[in-house]
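Residue strings, one per chain:
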Amino acid sequence: MTRISSTNIALERAEKHCIERGSRLTDKRRQVLSGLLESGKALSAYELSDFCRTELGYNVLPMSVYRILDFLEEQNLVHRLNLANKYVACSHIACEYALPQFLICKSCHRVEEVSLPSSVMSSIEGGAKTVGY
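Remember, it's a predicted structure, so these values are computed and weren't measured experimentally.

Calculation criteria
Residues numbered from 1 in each chain as written. Predicted model: local features only at pLDDT ≥ 70, side-chain atom pairs only at ≥ 80, totals over all residues. Heavy atoms only, no water. Helix = DSSP H or I, 4+ residues; strand = E, 2+ residues; numbered from the N terminus. Buried < 20%, exposed > 50% of the residue type's maximum accessible area, 1.4 Å probe, protein only. Contact = heavy atoms within 4.5 Å. Polar contact = N/O pair within 3.5 Å; in protein donor to acceptor, adjacent residues only side chain to side chain. Salt bridge = Lys/Arg side-chain N within 4 Å of Asp/Glu carboxyl O. Expected span 1.5 Å × (residues − 1). Arc of directions from axis to C-beta. Phe/Tyr/Trp six-rings, centres within 6.5 Å; stacked < 30°, edge-to-face > 60°. Lys NZ or Arg CZ within 6 Å of the ring centre and 35° of its normal. Axes fitted to C-alpha atoms, helices over the stretch in contact; angles between N-to-C directions. Parallel < 35°, antiparallel > 145°, perpendicular 65-115°, else oblique. Nonpolar A, V, L, I, M, F, W, Y, C, P; charged D, E, K, R; others polar.

Visitor: With reference to specific residues and values, describe the overall build of the protein chain.
Guide: Each helix and strand in the protein chain was counted, giving five helices and four strands. Ordering the α and β elements of the protein chain from the N terminus gives α-α-α-α-β-β-β-β-α. Residue burial in the protein chain is summarised as follows: out of 133 residues, 35% are buried. Pairs at least 24 residues apart make up 44% of the contacts formed inside the protein chain by residues separated by at least 6 positions.

This is how it looks when you write it as structure tokens:
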């Protein structure tokens, strides 16, 4: 499957997801989500604004990108990577899941979201609570 067709499928699922939750995936929101999906990596709001403009031909100002990313995060369509202050499109756009886990390459900064068995997640949560997190 090409990146464009997988992006279109993800956008269709995201739109359906928003409708089911009583919200809308407006054109600008679709453009920003499309930028994250097409980039294939985590981007800051400014990087995403630049990517949308140079690669996709969408002019979305960084301040608008921040508001849109907040909306997309509330809808569980993107994740904010606090450590890097960047955002990544959710790889599970149309489904519910527990806590996302991310693998971030130190060399190219590519981010992959992975699903872990609930037993592993329980162990991680238990360990974090033990040390006060």
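Visitor: So what's going on with the environment of Asn76? Which residues, and what values?
Guide: As for its position among the elements, Asn76 is in the loop between α4 (62-74) and β1 (78-81). Measuring from C-alpha to C-alpha, the distance between Asn76 and Ala14 comes to 9.4 Å, with 62 residues separating the pair along the chain. Apart from residues lying up to four places away in sequence, Asn76 is in contact with Arg21 and Cys90.

Visitor: If you had to explain the side chain of Ser39 to someone new, which residues and values would you point to?
Guide: The topology assignment puts Ser39 in helix α2 (residues 27-39). Classification of Ser39 by relative accessible area gives buried; the value is 15%. Polar contacts involving the side chain of Ser39 include one to the main-chain carbonyl oxygen of Lys41, which spans 3.1 Å.

Visitor: An account of the pattern of salt bridges is needed here, citing residue identities and associated values.
Guide: Under the criterion given, the structure shown has four salt bridges. Between Glu15 and Arg30 there is a salt bridge; the shortest N-O distance is 2.4 Å. Within this pair, whereas Glu15 is found in helix α1 (residues 3-20), its partner Arg30 is found in helix α2, the two being separated by 15 residues in sequence. Taking the shortest distance from any N to any O, the salt bridge between Lys16 and Glu20 comes out at 4.0 Å. You can see Lys16 and its partner Glu20 sitting in helix α1, four residues apart, about one turn around the helix.

Visitor: How would you summarise α4 if you had to cite specific residues and measurements?
Guide: Note on helix geometry: an α-helix contains 3.6 residues per turn, so any two residues three or four positions apart are oriented the same way. The terminal C-alpha atoms of α4 lie 18 Å apart, and with 13 residues this matches the ideal 18 Å at 1.5 Å per residue to within 8%. Those residues of α4 that fall on the buried side of the exposure criterion are Pro62, Val65, Ile68, Leu69, Phe71 and Leu72. End-on view of α4: buried residues confined to an arc of 165°, all on one side of the axis. Among the exposed residues of α4, those oriented more than 90 degrees off its buried face are Met63, Arg67 and Glu74. At the C-terminal side of α4, Asn76 shows a positive phi close to 60°.

Visitor: I'd like a rundown of the packing of aromatic side chains, residues and numbers included.
Guide: All chains considered together, the criterion is met by one aromatic pair. A cation over a ring is seen here: Arg29 above Phe71, with NZ or CZ 3.5 Å from the ring centre.

Visitor: Quick rundown of unusual backbone geometry? Include the residues and the values.
Guide: One non-glycine residue, Asn76, lies in positive phi territory at about 60°. Judged by relative accessible area, Asn76 falls into the partly exposed class, the value being 33%.

Visitor: Which residues make up the packing of α2 against α4, and what values go with them?
Guide: Running from N to C, α2 and α4 point in directions that differ by 85°, and their axes come no closer than 10 Å. As summarised for this structure, α2 and α4 are arranged roughly perpendicular, according to the angle between their axes. Of α4, the residues touching α2 (which contributes Lys28, Arg29, Val32, Leu33 and Leu36) are Val65, Ile68, Leu69, Phe71 and Leu72. Its residues assigned to classes, the contact of α2 with α4 comprises eight nonpolar, no polar and two charged.

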